[in-house]
Amino acid sequence: MFFRTTLFLQTVIFWCLGQSVASRPNVLFIVVDDLRPMLGSYGESNMITPNIDNLAQHSIQFQNAFVQQALCGPSRVSFLTSRRPDTTRLYDFYSYWRDSAGNFTTLPQLFKNNGYHTVSVGKVFHPGKSSNFTDDFPYSWSVPAYHPSTLKYKDAKVCPGQDGCLHRNLVCPVTISDMPRGTLPDLQSTEFAIKALRDFSSKPRTLFFLAVGFYKPHIPLKYPKEYLELYPLDKVPKVPNPSRPTYLPPVAWNPWTDIRKRDDLQSLNVSFPYGPIPENFSQLIRQSYFAATSYIDAQVGRLLDALETEGFANNTIILLVGDHGWSLGEHQEWCKYSNFEVSTRVPMILFVPGLTTEVHNHHRKFPFVNVLSKKPLVYHRDPENLKGLKTVNFSLNEDRSFDETYESSEQTDVLKFVQNDSLLRLKYWRGKNNIIEERKAKQVSELVELVDIFPTLAELAGLPKLQTCPKNSSYIMLCTEGSSMVPLIQGASNWLIKNDFSIIKHVKSHYHDNNKLQVKGWKEAVFTQYPRPSDIPVKDSDQPRLHRIKIMGYSIRTRQYRYTEWVAFNQSSFTMDWSDIHARELYVLDTDQLEDNNVAGLQTYIDIVTSLSLQLHQGWRQQV
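Keep in mind that what you see is a predicted model, and the values were worked out from it rather than measured.

Engineer: Would you mind going over the state of the cysteines with me for this structure?
Structural biologist: Overall, the coordinates contain two disulfides when judged by the stated rule. Bridging Cys469 to Cys479, the disulfide has an S-S length of 1.9 Å. Across the S-S bond linking Cys469 and Cys479, the dihedral sits near 100°, which makes this disulfide right-handed. With a gap of 10 residues between them, Cys469 in the loop between helix 12 (453–460) and helix 13 (486–493) and Cys479 in the loop between helix 12 and helix 13 connect regions that are remote in the sequence.

The following block contains the structure:
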């Protein structure tokens, strides 16, 4: 039965791809460091991210995707092994799961073991001890991982200051030509990844799993200064909730100690642990985060353009995800290091040719949009292979829309991007009949977790289906503590527009809320956690080493609530004591979307606290 089910799924997927059952799709896995879902496609009208937005229009966009821990190393090991931090036993950066927890198979390792050439570019695994100082080579990768040569200067004093000297700043717009070796790490990673795609195109029988990890908008916020022009300081939106919540337990506070070490922050003499950062500098941080995000959007655009140029757009699964979010002054906090929504919710966009979009060669799916171009919008047709639109130079009008017409002997096509309903939509007016095809990101509102990525990509590629891990899985190399999102993808694919622009009727097991897809029977809660060394903020509250962890904040997120218990934690046995509760948090998301009012101590909510506490103790296994 398993073989028949798998074979059927392969047949459906690759029939849609226009390939034989024996073939499989390539995979482009894009990880962006510290990227929260502050993107145009997620309704952020102030953000200029046209390349990622365009990817979303051809993809499924998960509106409620959550990490397992809001810290780079633990998060990446978690989603690349599909095991949660209590299983990987990694809450910091200083242990290697194969030594400390179990010889777990990773996502790229599974693809490598099934005939894929696996390549790591940039920051995929967190470098250092947590990936054995090799990015888990040779287990996960066919060749040693690539790291840009300029990464060694990531904390160098290269940021121009008002005093005419160079500093180690948090806010660091730079002139590229003035940088060591005249470039930046993410520019180097993009070039290396593009070269890898060219190499793959010269070897047509090579299946590839290409993972590209971008370093920004992680601190320092170092990026080409031209991107500041996109965000005039007086237009940068202010923090909607800049005050520390009155009833926030001290153990839950993230004192953002890493940015305090930067020269520009130190000059402000901000008090520990609560600050606050002055509003004028707060706006500078936000401006630079926005600009750094647009800089990374451009690198994603260049990468996707190359993927299509090399002929892979119709046979490559693309997943773009952030490893965790980043606080931008909400609750008077900065960085990640917490269980708040701004730290744990991330963008996740999945492109599957033939399922999330139809396969065709009429026009390019991923033309590079250059937001820095001063030229008017121009599309270049490729007359030799008629692949269609080649490159886009982007300029914003007052209504945040732009359009261009190109003509051929047979028809006139108009391509128009329109900022509308808080979403960037892509429209084609085709030929003399004025047929309209509108593209809009297909949104899935179900709660998903990054541990769901591994089983999803494996199933979409027709690889062996992962079984759910038992409670003690230390000796099991391949299993999952997540759930395959294929049911969500199949539901969304039933909502596609056919080539004749008629709507495909969705199946009865799915229902829609406006433009959002929901699937019955899916998990009703997701889980995150964060460690602390003490009940009150101290210098290492943000990133305590294992031997210092005394308390663990376990959080359950449902559609209506976020509930957290801060409980005693034994770092030797990796166990929690639910009877030793140090603090509780409860946020009612229907009325408190920004999580400003902790109502866990109110008598009115005692029944809800009791119910959510039980669900939290039962854990994720009750959801699969």
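Engineer: Explain the packing of helix 7 (residues 185–201) against helix 10 (residues 279–309) to me, please; I cannot follow it from the model alone.
Structural biologist: In a packed pair of helices, the relevant descriptors are the angle between the two axes and the axis-to-axis distance. Viewed as axis vectors pointing N to C, helix 7 and helix 10 meet at an angle of 10°, and their least axial separation amounts to 9 Å. On the basis of their axis angle, the class for helix 7 and helix 10 is roughly parallel. Along its contact with helix 7, which presents Asp186, Leu187, Thr190, Glu191, Ala193, Ile194 and Leu197, the element helix 10 presents Tyr295, Ile296, Gln299, Arg302, Leu303, Ala306 and Leu307. Grouping the constituent residues of the contact of helix 7 with helix 10 by class yields nine nonpolar, two polar and three charged.

Engineer: Is there a simple way to explain the pairing of strand 2 (residues 60–66) in this structure?
Structural biologist: Along any regular strand, the residues point their side chains to alternate faces of the sheet. In terms of burial, strand 2 is largely enclosed, as seven of its seven residues are buried. Where strand 2 and strand 12 (residues 345–351) come together, five bridges link them in antiparallel fashion. Residue pairing for strand 12: Phe66 is matched across the bridge by Arg345. As judged from the six bridges shared by strand 2 and strand 20 (residues 442–449), these two strands associate in the parallel manner. Residue pairing in the sheet places Ala65 in a bridge with Val448 of strand 20.

Engineer: Can you help me understand unusual backbone geometry in this one?
Structural biologist: Among all residues save glycine, negative phi is the norm, and among peptide bonds the norm is trans. Following Lys216, the chain continues into Pro217 via a peptide bond in cis, with omega recorded as 15°. Considering the arrangement of structural elements, one finds Pro217 in the loop between strand 7 (208–214) and strand 8 (221–224). For the bond running from Gly275 to Pro276, omega is 0°, close enough to zero to count as cis. On the secondary structure map, Pro276 appears in the loop between helix 9 (263–266) and helix 10. In the Ramachandran plot, Ser82 falls in the positive-phi region, its phi being about 60° despite a non-glycine side chain. Tracing the backbone shows Ser82 in the loop between helix 3 (72–81) and helix 4 (85–88). The class for Ser82 is buried, based on a relative accessible area of 0%. Positive phi outside glycine occurs at Asp136, with the angle close to 65°. Turning to its location among the elements, Asp136 is positioned in the loop between strand 3 (117–122) and strand 4 (159–160).

Engineer: Can you help me understand the pattern of salt bridges in this one?
Structural biologist: When charged atoms on two side chains of opposite charge get close, those side chains can pair. Counted by the stated rule, this structure contains 21 salt bridges. A salt bridge links Arg262 to Asp155; the shortest N-O distance between them is 3.0 Å. Of this pair, Arg262 sits in the loop between helix 8 (257–260) and helix 9 while Asp155 sits in the loop between strand 3 and strand 4, and the two are 107 residues apart along the sequence. Judged by its relative accessible area of 32%, Asp155 is partly exposed. The partner of Glu308 in a salt bridge is Arg364, with the nearest N and O atoms 3.8 Å apart. Within this pair, whereas Glu308 is found in helix 10, its partner Arg364 is found in the loop between strand 12 and strand 13 (368–370), the two being separated by 56 residues in sequence. One network of salt bridges, with partners in common, ties together Asp33, Arg76, Lys123 and Asp323.

Engineer: Looking at this structure, I do not really get the confidence of the model for the protein. What am I missing?
Structural biologist: Note: predicted coordinates in regions of low pLDDT should not be interpreted at a detailed level. Of the residues in the protein, 80% have a pLDDT of 70 or more, and the chain-wide mean is 85. With pLDDT under 50 throughout, residues 375–438 is counted as low confidence; its partners more than four residues away or in other chains account for 159 contacts.

Engineer: Can you walk me through the sheet that holds strand 24 (residues 551–557) in this structure?
Structural biologist: Sheet strands pair via backbone hydrogen bonds, and the direction of the pair is either parallel or antiparallel. Spatial ordering of the open sheet is given by 23-24-25-26, a layout of four strands whose pairing is antiparallel. Unpaired on one side and paired on the other, strand 23 (526–532) and strand 26 (575–588) mark the two borders of the sheet. When strand polarity is set aside, the average angle formed by the axes of neighbouring strands in this sheet is 20°. Pairing of strand 23 with strand 24, which is carried by seven bridges, proceeds in the antiparallel orientation. The residue bridging Thr528 from the neighbouring strand is Ser555, located in strand 24. Running over the sheet, helix 14 (residues 606–618) touches strand 23, strand 24, strand 25 (561–570) and strand 26 and is turned about 55° from strand 25.

Engineer: Got a minute to help me understand the packing of aromatic side chains in this structure?
Structural biologist: The relative placement of two aromatic rings is captured by the distance of their centres and the angle of their planes. Tallied over the entire structure, the rule returns 21 aromatic pairs. Here Tyr337 and Tyr530 contribute two aromatic rings whose centre-to-centre distance is 6.4 Å and whose plane-to-plane angle is 65°, an arrangement assigned as edge-to-face. Of this pair, Tyr337 sits in the loop between strand 11 (334–335) and helix 11 (341–344) while Tyr530 sits in strand 23; the two residues are 193 residues apart in sequence, bridging distant segments of the chain. Each of the two residues, Tyr337 as well as Tyr530, counts as buried. Through pairs of rings, three or more aromatic residues link up here, namely Phe29, Phe79, Phe111, Tyr116 and Phe209. One residue, Arg244, lies across the ring of Trp253, its end atom 5.9 Å from the ring centre. Across the ring face of Trp256, the terminal group of Arg260 is positioned such that the distance to the ring centre comes to 3.7 Å.

Rules used in this analysis
Residues numbered from 1 in each chain as written. Predicted model: local features only at pLDDT ≥ 70, side-chain atom pairs only at ≥ 80, totals over all residues. Heavy atoms only, no water. Disulfide = S-S within 2.5 Å. Helix = DSSP H or I, 4+ residues; strand = E, 2+ residues; numbered from the N terminus. Axes fitted to C-alpha atoms, helices over the stretch in contact; angles between N-to-C directions. Parallel < 35°, antiparallel > 145°, perpendicular 65-115°, else oblique. Contact = heavy atoms within 4.5 Å. Nonpolar A, V, L, I, M, F, W, Y, C, P; charged D, E, K, R; others polar. Buried < 20%, exposed > 50% of the residue type's maximum accessible area, 1.4 Å probe, protein only. Pairing = 2+ DSSP bridges. Salt bridge = Lys/Arg side-chain N within 4 Å of Asp/Glu carboxyl O. pLDDT = per-residue confidence, 0-100. Phe/Tyr/Trp six-rings, centres within 6.5 Å; stacked < 30°, edge-to-face > 60°. Lys NZ or Arg CZ within 6 Å of the ring centre and 35° of its normal.

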